[in-house]
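Structure assessment
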Amino acid sequence: MKPAISLEGIAEVKNWLLSKKKYLSDIPFDLDLIDNNVVDSLSFVEYVLLIEEVSGREVVVDETVLDKVRTLACVQRNYME
């Protein structure tokens, strides 16, 4: 049986991002957070640490990490399910 999807966890990540980017009123699940500068090089480490804290899973920083955290949908699929 597949575990329940954590909508609370992804909502917490989304709310954190919105608190960092006051000019945004919403973040679509398919928005590329990197290309749209929602997550930049200065906030990337904080973003990864938040995902780890909320999901309880380690985010391995390797050559595939950007693809795994690029959108909220990717974070949901890779760390919250």
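This report concerns the structure included in the present document.

Each value, and the rule that gives it
- Residues numbered from 1 in each chain as written.
- Predicted model: local features only at pLDDT ≥ 70, side-chain atom pairs only at ≥ 80, totals over all residues.
- Heavy atoms only, no water.
- Helix = DSSP H or I, 4+ residues; strand = E, 2+ residues; numbered from the N terminus.
- Expected span 1.5 Å × (residues − 1).
- Contact = heavy atoms within 4.5 Å.
- Buried < 20%, exposed > 50% of the residue type's maximum accessible area, 1.4 Å probe, protein only.
- Core = buried A, V, L, I, M, F, W, Y, C linked by side-chain atoms within 4.5 Å.
- Axes fitted to C-alpha atoms, helices over the stretch in contact; angles between N-to-C directions.
- Parallel < 35°, antiparallel > 145°, perpendicular 65-115°, else oblique.
- Left-handed = near helix turned anticlockwise from the far one by under 90°.
- Nonpolar A, V, L, I, M, F, W, Y, C, P; charged D, E, K, R; others polar.

**Describing helix H2 (residues 44–55)**
Because an α-helix completes one turn every 3.6 residues, residues spaced three or four positions apart along the sequence face the same direction. The terminal C-alpha atoms of H2, which comprises 12 residues, lie 16 Å apart, in line with the 16 Å expected from a rise of 1.5 Å per residue. Buried positions along H2 lie against helix H1 (7–20), helix H3 (65–69) and helix H4 (72–80). Positive phi shows up at Gly56, right after H2, with a value of about 75°.

**Some points on H1**
For H1, built from 14 residues, the straight-helix expectation of 20 Å at 1.5 Å per residue is met to within 8% by its first-to-last C-alpha distance of 20 Å. When we look at burial in H1, the residues that qualify are Gly9, Ile10, Val13, Lys14, Trp16, Leu17 and Leu18. Those residues of H1 hidden inside the fold are in contact with H2 and H4.

**Topic: the nonpolar core**
Residues Val13, Leu17, Leu33, Tyr47 and Ile51 are the most contacted members of the largest nonpolar core, which totals 21 residues. Mapped onto this core, the elements with two or more residues apiece are H1, H2, H3 and H4. Those residues in contact with Tyr47 that sit more than four places away from it in its chain are Val13, Trp16, Leu17, Leu33, Val39, Val69, Thr71 and Val75.

**Side note on the environment of Leu7**
Within the secondary structure, Leu7 sits in helix H1. Residues Leu7 and Ile34, spaced 27 residues apart in sequence, show a C-alpha to C-alpha distance of 22 Å.

**Brief notes about the packing of H2 against H4**
The interhelical angle for the contact between H2 and H4, taken along N-to-C directions, is 45°, at an axis separation of 11 Å. By the angle between their directions, the pair H2 and H4 is classed as oblique. Crossing handedness for the pair H2 and H4: right-handed. Judged by residue contacts, Tyr47, Ile51, Val54 and Ser55 of H2 engage Val75, Tyr79 and Met80 from H4. Each residue belonging to the contact of H2 with H4 can be placed in one class, and the counts come to 6 nonpolar, 1 polar and no charged.

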